[in-house]
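What follows is each chain in one-letter form.
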Amino acid sequence: MTDELRARVEKTLQNLKRNNMAAYYVDTKEEACELVRSLINKGDVISSGGSVTLKQTGVYDIITSSDYCYLDRSAPGITREQVEEVYRKTFCADAFFTSSNAVTENGELYNVDGNSNRVAAILYGPKSVVVVCGINKLVKNIDEAIYRVKTKAAPPNTVRLGIETYCAKAGQCVSLNKETPELCEGCHSDGRICCNYVVCAQQRHVERIKVIIIGEEYGY
């Protein structure tokens with residue numbers, strides 16, 4: 001890690017803590033997994049948002065193990081009604097795991113969601129929220145976070161999910177065709193995944209949100 005990047009990480013950690021979020025830095029996914037195990041207890045009820053990062057790092061394997069009671073919205077044969085029940089039960093979970101579309105140096109989390117069960121759980125409900133992010137999610141400010149979602153997060157996620165949107169084909173949001181695109185501008189397709197835009201700044205519940213930044217690139 002360069003001195004410049006190290007300084008950016010340190011600034012981000014300090015500002016996350018200033019905003020009443022617990023903040024951690026680890027060099028590798030193995031260290032992240034070790035830290036995750038220390039943040040939860042055997043028997044905890046755990047849920048998670050859809051996250052490539054959690055699977056790439058091995059965190060998903062931990063939280064879905066028999067040591068915990070995982071609320072599985074992807075269980076074989078699960079019906080839509082049962083999925084909705086998992087979403088509701090998530091609000092009473094001991095811990096909710098997710099990544100973040102971006103983490104700013106000002107200590108903010110920026111997330112854009114389609115179904116919005118993920119951002120809803122980040123904001124309220126689960127006793128603890130653990131956010132696992134690769135170093136690639138670090139941005140300077142909200143403006144960079146907005147651009148990151150429109151170019152690096154939403155397009156590959158629509159491809160992964162098999163959703164036909166403008167960004168899936170073009171590699172960036174249609175709003176970027178304008179000279180000054182606005183925050184919520186985008187396509188109007190039925191499969192649009194950018195529906196609700198959430199910034200987590202200073203938190204009222206101290207250290208409910210815990211952010212783990214890994215010095216490797218993971219997720220979108």
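Cut-offs and rules
- Counting from 1, residues in each chain are numbered in the order their sequence is written.
- Reporting in this predicted model follows two pLDDT cut-offs: at least 70 for local features of residues, and 80 or more for side-chain atom pairs to be given and counted; totals over whole chains, interfaces and linings ignore these cut-offs and use all residues.
- Hydrogens and water molecules were not included; the side-chain quantities draw on all heavy atoms of the structure.
- Like charges are joined within 9 Å and nonpolar side chains (Val, Leu, Ile, Met, Phe, Trp, Tyr) within 5 Å, but only among residues with over 30% relative accessible area and no salt bridge; these make up the patches.
- Accessible surface is estimated by sampling points in the Shrake-Rupley manner with a 1.4 Å probe; for residues, cover comes only from the protein chains shown.
- For this document, the term salt bridge refers to a Lys or Arg side-chain nitrogen within 4 Å of an Asp or Glu carboxyl oxygen.
- As used throughout, the charge tally considers Lys and Arg to be positive and Asp and Glu to be negative, leaving His and the chain termini uncounted.
- All charge positions are set by atom: Lys at NZ, Arg at CZ, Asp at CG, Glu at CD.
- Here a strand is any run of E in DSSP of at least two residues, a helix any run of H or I of at least four, and the numbering for each starts at the N terminus.
- A 1.4 Å probe rolled over the protein chains alone gives each residue an accessible area, and that area as a share of the maximum for its type sets the label: buried under 20%, exposed over 50%, partly exposed in between.
- The pairing criterion is simple: DSSP has to find at least two bridges between the two strands.
- Between rings of Phe, Tyr and Trp, where Trp is taken as its six-membered ring, a pair exists when centres lie within 6.5 Å; planes separated by under 30 degrees are stacked, by over 60 edge-to-face, and by other angles tilted.
- Definition used: whenever NZ (Lys) or CZ (Arg) falls within 6 Å of the ring centre and also within 35 degrees of the ring normal, the charge is taken to sit over that ring.

Trainee: Even after reading the chapter, I still don't get a negative patch on the surface, so can you show me in this structure?
Mentor: Together, Asp 27, Glu 30, Glu 31 and Glu 34 line one region of the surface with negative charge. Positionally, Glu 30 belongs in helix H2 (residues 29-39). Owing to a relative accessible area of 51%, Glu 30 belongs among the exposed residues under this scheme.

Trainee: Whenever I open this one, the pairing of strand E7 (residues 128-134) confuses me. Can you help?
Mentor: Side chains on a regular strand alternate between the two faces of the sheet. For E7, a buried count of 7 out of 7 residues is recorded, marking the element as mostly surrounded by other parts of the structure. By the alternation rule, side chains of E7 split into Ser 128, Val 130, Val 132 and Gly 134 and Val 129, Val 131 and Cys 133, which are all buried. When strand E4 (residues 95-98) meets E7, the two strands line up parallel, connected through 4 bridges. Bridging from a neighbouring strand, Thr 98 pairs with Val 131 of E7.

Trainee: Please clarify how the packing of aromatic side chains should be interpreted in this entry.
Mentor: Here a ring pair, both rings aromatic, is described through the centre-centre distance and the interplanar angle of the planes. Tallied over the entire structure, the rule returns 1 aromatic pair. Look at Tyr 60 and Tyr 70: their rings are 5.9 Å apart centre to centre, the planes differ by 85°, and that puts the pair in the edge-to-face class. Taken together, the residues Tyr 60 in helix H4 (residues 59-63) and Tyr 70 in strand E3 (residues 69-70) connect sequence positions 10 residues apart. Its end group placed over the ring of Tyr 60, Lys 55 keeps NZ or CZ at 5.1 Å from the ring centre.

Trainee: I'm lost on the pattern of salt bridges in this one. Help?
Mentor: Working definition: two side chains of opposite charge can pair if their charged atoms are close together. A complete count under the given rule lists 7 salt bridges for this structure. For Arg 8, the salt bridge goes to Glu 105, with nearest N and O atoms at 2.5 Å. In this pair, Arg 8 is assigned in helix H1 (residues 3-18) and Glu 105 in the loop between strand E5 (102-104) and strand E6 (109-113), connecting sequence segments 97 residues apart. Taking the relative accessible area as the measure of exposure, Arg 8 reaches 25% and is therefore partly exposed. When its relative accessible area of 8% is taken as the criterion, Glu 105 is described as buried. Asp 113 is paired through a salt bridge with Arg 118; the nearest N and O atoms lie 3.6 Å apart. The class of Arg 118 is buried, set by a relative accessible area of 8%. Beyond isolated ion pairs, a larger network of salt bridges with shared partners links Arg 8, Lys 11 and Glu 105.

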